[in-house]
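# Examination of the molecular architecture
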Amino acid sequence: MNYSTIMNKLIKKITIISVLITVAYPAHDFIRDFASNRIARVQDTNYNFSRYLRS
């Protein structure tokens, strides 16, 4: 094991990790937005349904 192969492996690991982080952040935002929209839709449905029951 010479120095350059160790450095190459380290650089590959760092690159993979940074790519994963770059991909994961927007996906996380998208999932969070989707979840909050879904919760809002469910609450809206519950409200409309209970209003329908009361009328």
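Residues numbered from 1 in each chain as written. Predicted model: local features only at pLDDT ≥ 70, side-chain atom pairs only at ≥ 80, totals over all residues. Heavy atoms only, no water.

### Some details on the overall build of the protein
Let me state the cut-off plainly: Each helix corresponds to a stretch of at least 4 residues labelled H or I by DSSP, and each strand to a stretch of at least 2 residues labelled E; elements are numbered beginning at the N terminus. All radius of gyration figures rest on C-alpha atoms, and the globule criterion is 2.2 Å times the number of residues raised to 0.38. Only protein chains enter the accessibility calculation, which uses a 1.4 Å probe; a residue is then buried when its area is under 20% of its type maximum, exposed when over 50%, and partly exposed in between. Each accessible area is a Shrake-Rupley result for a 1.4 Å probe, and residues are judged covered by the shown protein chains and nothing else.
Along the protein, the regular secondary structure elements total 1 helix and 0 strands. Scaling as 2.2 N^0.38, a compact globule of 55 residues should have a C-alpha radius of gyration of about 10 Å, whereas the protein reaches 24 Å, well beyond that. Split into buried and exposed, the 55 residues of the protein put 0% on the buried side. On the protein, roughly 5400 Å² of surface is accessible, and the fraction owed to carbon and sulfur atoms is 68%.

### Observations concerning the pattern of salt bridges
Condition: Take a side-chain nitrogen of Lys or Arg and a carboxyl oxygen of Asp or Glu: if they are within 4 Å of each other, that pair is a salt bridge.
For the structure shown, the criterion picks out 1 salt bridge. Of the charged contacts in the structure, one is a salt bridge between Asp29 and Arg32, with a shortest N-O distance of 3.3 Å. Remark: Arg32 and Asp29 occur in helix α1 (residues 3-54); sequence separation between them is 3 residues, near one turn of the helix. For Asp29, a relative accessible area of 34% translates into the label partly exposed. On the accessibility criterion, Arg32 (47% relative accessible area) is partly exposed.

### Some points on the environment of Arg54
If you trace the backbone, Arg54 turns up in helix α1. Expressed as a C-alpha distance, the spacing of Arg54 and Tyr25, which sit 29 residues apart in the sequence, is 44 Å.

Honestly, that's just the spatial picture; any functional story needs more than this.
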